[in-house]
Amino acid sequence: MKNKRSVLLEGIRDGIPIALGYFAVSFSLGIAMRNAGMTSVEGFFFSMFNLASAGEYAGLQVILANGSYIAMALATLVANARYMLMSTALSQRFHPKTKFIHRLITGYGITDEIFGITINRKGYVNPWYVYGALLISVPPWALGTSLGIIAGNGLPANIVNALSVALYGMFIAIIVPPSRKDKAVAIAVIFSFVLSGLSSYLPILSQLDSSTKTIVLTILIASLAAILKPHQEGAQ
């Protein structure tokens, strides 16, 4: 059993590419907030307490429309609904004796990227690994938003888009190793790529927002994989 410090450092190490990608993406988010009249301090805390870009954009649109708190809650719920699936998956990986406070903080930090590197580890979820990833990635996310507001539209959009490539590289690093070890995982990954591409053209799926589409495809692909290639109890 590794000590807390070593696991924390592993989380920091694995969270570095996430931090780089977060900074670039949050910078563009900050530019949108600047156009909405938000200050750099407001943008900093906006991102500090909401780590999902889709949720922040949804919330920002409600603010621009002078919407109600109910509208804000519904908009962010729909935009971030996929995190309920991720939370459910991770909840099954906690040691039964894990304290509630660790579960709560981990829940705060569940994003696509942090979920990816956490669920890919063997054995029980170690909260200190998540803390390390959050420690290195959350500050750049909040700071990038603040700096984006300060910079306004001064930075060319193509530079911001180029910086965000770090996130795609990180996703590849997450899915390639397990795909090479397990043919079933590789097939599921390829199948998810194909369906994700087709979802923009298929009659029903093309009408759904990106978050709902992700949920539908996740449930569909995961269900098929579980039926055709069930996970063996005790297998790592």
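These numbers come from a predicted model, not from an experiment.

Caption draft 1: Just the overall build of the chain, in detail. What the chain contains, in helices and strands, is 12 helices and 0 strands. In the chain, the succession of helices and strands from N to C terminus is α-α-α-α-α-α-α-α-α-α-α-α. By the burial criterion, 36% of the 236 residues in the chain qualify as buried. In the chain, the proportion of contacts linking residues at least 24 apart, taken out of those at least 6 apart, comes to 76%. Surface exposure of the chain reaches about 13900 Å², of which carbon and sulfur atoms provide 69%.

Caption draft 2: Looking closely at the environment of Leu90. Along the polypeptide, Leu90 turns up in helix α5 (residues 82-91). Using a relative accessible area of 3% as the deciding quantity, one classes Leu90 as buried. When the C-alpha atoms of Leu90 and Ile119 are compared, they prove to be 6.9 Å apart, with 29 residues separating the residues in sequence. What Leu90 contacts, discounting residues up to four positions off in sequence, is Thr106, Ile110, Phe115, Thr118, Ile119 and Val125.

Caption draft 3: The pattern of salt bridges, seen in detail. Applying the stated rule across the entire model yields 3 salt bridges. A salt bridge links Asp112 to Arg82; its shortest N-O distance comes to 3.0 Å. Placement of the pair is Asp112 in helix α7 (residues 112-119) and Arg82 in helix α5, with a sequence separation of 30 residues. Given the relative accessible area of 12%, Arg82 is considered buried.

Caption draft 4: Expanded view of the nonpolar core. One finds Met33, Ile110, Ile114, Leu134 and Trp141 to be the most contacted residues of the largest nonpolar core, which totals 27 residues. Looking at this core, the elements with two or more residues in it are α1 (4-35), α5, α7 and α8 (127-151). A per-element tally of this core places α8 first, with 7 residues. Every residue in contact with Leu134, bar those within four places of it in the chain, is listed here: Leu51, Ile105, Tyr108, Gly109, Ile114 and Pro139.

Caption draft 5: Inspection of the packing of aromatic side chains at higher detail. Under the defined criterion, the tally for this structure stands at 5 aromatic pairs. Ring centres 5.4 Å apart and planes at 85° place the aromatic pair Phe44 and Phe45 in the edge-to-face group. On the basis of relative accessible area, Phe45 is assigned to the partly exposed category, the value being 45%. Here the aromatic rings of Phe45 and Phe49 are separated by 6.2 Å at their centres, their planes lie at 15°, and the arrangement is stacked. An aromatic cluster is defined as three or more aromatic residues linked by ring pairs; in this entry it consists of Phe44, Phe45 and Phe49. The ring of Tyr129 carries Arg121 above its face, with NZ or CZ at 4.0 Å from the centroid.

Caption draft 6: Spatial organisation of α5. Of the residues making up α5, those classed as buried are Arg82, Tyr83, Met86 and Leu90. Taken end-on, α5 shows its buried residues confined to a sector of 95°, consistent with a single buried face.

Caption draft 7: Layout of a nonpolar patch on the surface. Where nonpolar side chains cluster on the molecular surface, the patch consists of Phe100, Ile101, Leu104, Ile105 and Tyr108 and spans about 480 Å² of accessible area. Looking at where Ile105 falls in the secondary structure, it is placed in helix α6 (residues 100-108).

Caption draft 8: Examining the packing of helix α2 (residues 40-48) against α8 more closely. Where α2 meets α8, the closest approach of the two axes is 8 Å, and the angle between their N-to-C directions is 150°. Put simply, α2 runs roughly antiparallel to α8. Regarding α2 and α8, the two cross each other, and that crossing is right-handed. Residues Ser40, Gly43, Phe44, Ser47 and Met48 of α2 form the contact with α8, whose participating residues are Val138, Trp141, Ala142, Leu143, Thr145, Ser146, Ile149 and Ile150. In terms of residue class, the contact of α2 with α8 is made up of 8 nonpolar, 5 polar and no charged.

Caption draft 9: Structural detail: the packing of α1 against α7. Orientation of α1 relative to α7, taken along the N-to-C sense of each, is 165°, at an axis distance of 10 Å. Our classification of the angle between α1 and α7 gives roughly antiparallel. Note on packing geometry: the crossing formed by α1 with α7 is right-handed. Every residue of α7 that contacts α1 at Asp14, Ile18 and Tyr22 is listed here: Glu113, Ile114 and Ile117. Counted by class, the contact of α1 with α7 contains 4 nonpolar, no polar and 2 charged residues.

Reading guide: rules and limits
Residues numbered from 1 in each chain as written. Predicted model: local features only at pLDDT ≥ 70, side-chain atom pairs only at ≥ 80, totals over all residues. Heavy atoms only, no water. Helix = DSSP H or I, 4+ residues; strand = E, 2+ residues; numbered from the N terminus. Buried < 20%, exposed > 50% of the residue type's maximum accessible area, 1.4 Å probe, protein only. Contact = heavy atoms within 4.5 Å. Areas by Shrake-Rupley, 256 points an atom, 1.4 Å probe, with all protein chains shown as cover. Salt bridge = Lys/Arg side-chain N within 4 Å of Asp/Glu carboxyl O. Core = buried A, V, L, I, M, F, W, Y, C linked by side-chain atoms within 4.5 Å. Phe/Tyr/Trp six-rings, centres within 6.5 Å; stacked < 30°, edge-to-face > 60°. Lys NZ or Arg CZ within 6 Å of the ring centre and 35° of its normal. Arc of directions from axis to C-beta. Patch = residues over 30% accessible without salt bridge, like charges linked within 9 Å, V, L, I, M, F, W, Y side chains within 5 Å. Axes fitted to C-alpha atoms, helices over the stretch in contact; angles between N-to-C directions. Parallel < 35°, antiparallel > 145°, perpendicular 65-115°, else oblique. Left-handed = near helix turned anticlockwise from the far one by under 90°. Nonpolar A, V, L, I, M, F, W, Y, C, P; charged D, E, K, R; others polar.

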